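So you can see what is in the structure, the chains are spelled out below.
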Amino acid sequence: MRDLSRDTRFLSINTATLRRERPLAEVVSALARAGIPGIGPWREQIQAIGIKAAVKLIGDHGLAVSGISRAGVFTAKGRAGLQDVLDDNRRAVDEAAGIGARCLVLIGGGLMPGSRDIADARALFAEGLAALLPHARAAHLPLAIEPLHPMYAADRACINTLAQANDLCDALGEGVGVVVDVYHTWWDPGLEHEIARAGARRILAFHLSDWLVPTTDLLLDRGMMGDGVIDLKRIRGWVEAAGFEGMCEVEIFSQRDWWQRSMEEVLRTSVERYKSVC
Ligand code: ZN
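Residues numbered from 1 in each chain as written. Predicted model: local features only at pLDDT ≥ 70, side-chain atom pairs only at ≥ 80, totals over all residues. Heavy atoms only, no water.

Draft legend 1. How the structure looks around the overall build of the chain. Within the chain, the secondary structure is distributed over 10 helices and 9 strands. The C-alpha radius of gyration computed for the chain amounts to 18 Å, which stays within 12% of the reference 19 Å derived for 278 residues, consistent with globular compactness. Considered along the principal axes of its C-alpha atoms, the chain spans approximately 45 × 45 × 35 Å. Going through the 278 residues of the chain one by one, you find that 54% of them count as buried. Relative to all contacts within the chain whose residues are 6 or more apart in sequence, the contacts with residues 24 or more apart total 79%. Working note: accessible area of the chain is about 11,300 Å², and carbon and sulfur atoms make up 53% of it. Positive and negative charge centroids in the chain, built from 32 and 36 side chains respectively, lie 3 Å apart. (Helix = DSSP H or I, 4+ residues; strand = E, 2+ residues; numbered from the N terminus. Rg over C-alpha atoms; globule rule 2.2 N^0.38 Å. Buried < 20%, exposed > 50% of the residue type's maximum accessible area, 1.4 Å probe, protein only. Contact = heavy atoms within 4.5 Å. Areas by Shrake-Rupley, 256 points an atom, 1.4 Å probe, with all protein chains shown as cover. Lys, Arg positive; Asp, Glu negative; His and termini not counted. Charge placed at Lys NZ, Arg CZ, Asp CG, Glu CD.)

Draft legend 2. Examining the packing of helix α5 (residues 118-138) against helix α6 (residues 162-172) more closely. At a minimum axis distance of 11 Å, the contact between α5 and α6 shows a crossing angle of 50 degrees. The orientation of α5 with respect to α6, classified from their angle, is oblique. In the crossing of α5 with α6, the sense of the turn from one axis to the other is right-handed. In this structure, α5 uses Arg122, Phe125, Ala126, Leu129, Ala130, Leu133 and Arg137 to contact α6, whose residues at the interface are Gln164, Leu168 and Leu172. (Axes fitted to C-alpha atoms, helices over the stretch in contact; angles between N-to-C directions. Parallel < 35°, antiparallel > 145°, perpendicular 65-115°, else oblique. Left-handed = near helix turned anticlockwise from the far one by under 90°.)

Draft legend 3. Quick peek at the coordination of the zinc ion. Of the protein atoms, only Glu146 (OE), Asp181 (OD), His207 (ND1) and Glu251 (OE) coordinate the zinc ion, at distances of 2.0 to 2.2 Å. Of note is the zinc ion, whose 4 donor atoms meet at the metal with angles of 87 to 165 degrees in an arrangement that counts as irregular. Ordering the donors of the zinc ion by residue number gives the pattern E-x34-D-x25-H-x43-E. Of this pair, Asp181 sits in strand β7 (residues 176-181) while Glu251 sits in the loop between β9 (248-250) and α10 (263-276), placing them 70 residues apart in sequence. As far as burial versus exposure is concerned, Asp181 and Glu251 are alike and both buried. (Donors = N, O, S within 2.8 Å, 3.2 Å for Na, K, Ca; no water. Tetrahedral: all angles 85-135°; square planar, octahedral: opposite > 155°, others 65-115°.)

Draft legend 4. Expanded view of the pattern of salt bridges. Counted under the stated rule, the structure contains 25 salt bridges. A salt bridge links Arg22 to Glu26; the nearest nitrogen and oxygen atoms lie 3.7 Å apart. Two residues, Arg222 and Glu251, come together in a salt bridge whose shortest N-O distance is 3.3 Å. With Arg222 in the loop between β8 (203-208) and α9 (232-241) and Glu251 in the loop between β9 and α10, this pair connects stretches of sequence that are 29 residues apart. The pair Arg222 / Glu251 is uniform in exposure class, with both members buried. One continuous salt-bridge network, built from bridges that share partners, spans Asp167, Asp170, Glu194, Arg197 and Arg202. (Salt bridge = Lys/Arg side-chain N within 4 Å of Asp/Glu carboxyl O.)

Draft legend 5. A look at the environment of Ala54. Following the sequence through the fold, Ala54 ends up in helix α3 (residues 51-60). According to the relative accessible area criterion, Ala54 is buried, its value standing at 0%. The spatial distance from the C-alpha of Ala54 to the C-alpha of Val28 is 9.8 Å, given a sequence separation of 26 residues. Those residues within four positions of Ala54 in sequence are excluded, and the remaining contacts are Leu24, Ile46, Ile49 and Ile99.

Draft legend 6. Region of the structure containing the packing of aromatic side chains. Applying the stated rule across the entire model yields 6 aromatic pairs. Relative to Phe125, the ring of Phe74 has its centre 5.3 Å away and its plane inclined at 45 degrees; by these criteria the two rings are tilted. With Phe74 in the loop between β4 (68-72) and α4 (82-98) and Phe125 in helix α5, this residue pair connects regions lying 51 residues apart in the sequence. Note on Phe125: relative accessible area 0%, which makes it buried. Geometrically, the ring pair formed by Trp186 and Trp211 is tilted, given 5.9 Å between the ring centres and 50 degrees between the ring planes. Of the two residues, Trp186 is situated in the loop between α7 (182-185) and α8 (191-202) and Trp211 in the loop between β8 and α9; the sequence distance between them amounts to 25 residues. Of the residues examined, Trp186 reaches a relative accessible area of 31% and is grouped as partly exposed. In textbook terms, an aromatic cluster arises when at least three aromatic residues are bridged by ring pairs, as seen for Trp42, Phe253 and Trp259. Sitting over the ring of Phe10, Arg2 keeps its end group 4.2 Å from the ring centre. (Phe/Tyr/Trp six-rings, centres within 6.5 Å; stacked < 30°, edge-to-face > 60°. Lys NZ or Arg CZ within 6 Å of the ring centre and 35° of its normal.)

And the structure:
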């Protein structure tokens, strides 16, 4: 296992950790000041200044882009609206490829509007993914399926386990991989096995935060690493045993706690915890 305690070489920060609405320029310079070499921006931040300016900004500060959030959600407008959603996904691929991201993060999307059929939602996600793949392959941009915790199955993501994501990768072949996010997957009895099954080639991103007890908000109450119950080192051990050598991306949605603090404090704490408990 890599020794993270010595430096921040493999550390990346998903910009949602610092509140999504912060302008990219502000976040990039804060990361550089904190000695953090990786960033995981959201599409909105790139769109706000344009790809060219984003490339220059990120390049000027020497940052690596560990992934772009977020695309997928092929179920959002039902089967009839798939083309619309696909068009937006193709733009997301172009944005991610344009700024040299390691991958584009895709989530499932919830049930289709008015539907109770989760199997149908999952089938439509698979269709959307297959339809997007040629564009992503042509752009040499890996698509990373991020399974989300089952509590989001209805409204956000019908892809809930790494096994499902691996099955999709098996079906589609080259150009598709997975995100292992400890928050979404820590509870899964099949996690170790599925991480090994994914292997180095498929694991495109590794996301860090912690599961608080109690959790007071399903979406916006993620914990700082070390403040919750996830065995972070154990999961990182599995990911690295599978051959993953990429960045560890901190992704904390925390409306009432970390989003209330200064960027400097959040980054300083992220670095400390990354070095000590991850
Ligand atoms: Zn994540």
